[in-house]
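# Chain and residue survey
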Amino acid sequence: MTYIANTCPPAPRRTSLISGISARLAVWKQRRALKALNDSALEDIGLTRRQANNEARRTFWDAPDTWRC
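Along each chain, residues carry numbers from 1 onward, in the same order as the chain's sequence is written. Local features are withheld for residues below a pLDDT of 70 in this predicted model, meaning they are given only at 70 or higher, and side-chain atom pairs are given and counted only at 80 or more; totals for whole chains, interfaces and linings count all residues. Only hydrogens and water are set aside; all other atoms, that is, all heavy atoms of the structure, feed into the side-chain values.

### Structural notes on the confidence of the model for the protein chain
pLDDT is defined as a per-residue confidence score from the predictor, taking values between 0 and 100. Confidence along the protein chain averages 83 in pLDDT terms, with 71% of residues attaining 70 or more. Helix and strand labels come from DSSP, where a helix needs a run of H or I of at least four residues and a strand needs a run of E of at least two; each type is numbered from the N terminus. Taken element by element, the predicted model of the protein chain shows its lowest mean pLDDT in helix H1 (residues 17–36) (90) and its highest in helix H2 (residues 39–44) (96).

Structural data, given as structure tokens:
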């Protein structure tokens, strides 16, 4: 039996303007929530206050396409 592996990356998904905006809005909300966490909660997820603040300062469009919101 022969197995053929597809080595080509999948074609990028085309998103609508509304879904793109809502995804970026979700990123913004998640970063605001991260900034609002107390030090104990940040420790639970393995982040320092500095790392959380650095992430919160990033712009809402600065998110990898692989993120799922």
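### Quick notes on the pattern of salt bridges
Salt-bridge detection follows one rule: a side-chain nitrogen of Lys or Arg within 4 Å of a carboxyl oxygen of Asp or Glu. Taken as a whole, this structure holds 4 salt bridges when the rule is applied. Salt-bridge contacts for Asp 39 lead to Arg 49; the nearest nitrogen and oxygen are separated by 3.2 Å. One end of the pair, Asp 39, is in helix H2; the other, Arg 49, is in helix H3 (residues 49–57), and 10 residues separate them in sequence. Taken together, the salt bridges that share partners define one network made up of Arg 31, Glu 55, Arg 58 and Asp 62.

### A look at H3
Turning to H3, its buried residues are Ala 52, Glu 55 and Ala 56. With its buried residues spanning 100° around the axis, H3 presents them on a single face. The outward face of H3, more than 90 degrees from its buried face, is lined by the exposed residues Arg 50 and Arg 57. Relative accessibility under 20% of the residue-type maximum defines a buried residue, over 50% an exposed one, and the middle range a partly exposed one, all with a 1.4 Å probe and only protein chains included. Starting at the helix axis, one direction is taken to each C-beta atom, and the arc is that of these directions.

### Let's talk about the environment of Gln 51
Following the sequence through the fold, Gln 51 ends up in helix H3. With a relative accessible area of 41%, Gln 51 lands in the partly exposed category. Here the alpha-carbon distance between Gln 51 and Leu 34, two residues 17 residues apart in the chain, equals 9.9 Å. Pairs of N or O atoms are called polar contacts if they sit within 3.5 Å, as long as, within protein, a hydrogen donor faces a hydrogen acceptor (for residues adjacent in sequence, only side-chain-to-side-chain pairs). Of note is the side chain of Gln 51, whose polar atom sits 2.8 Å from the backbone nitrogen of Thr 48.

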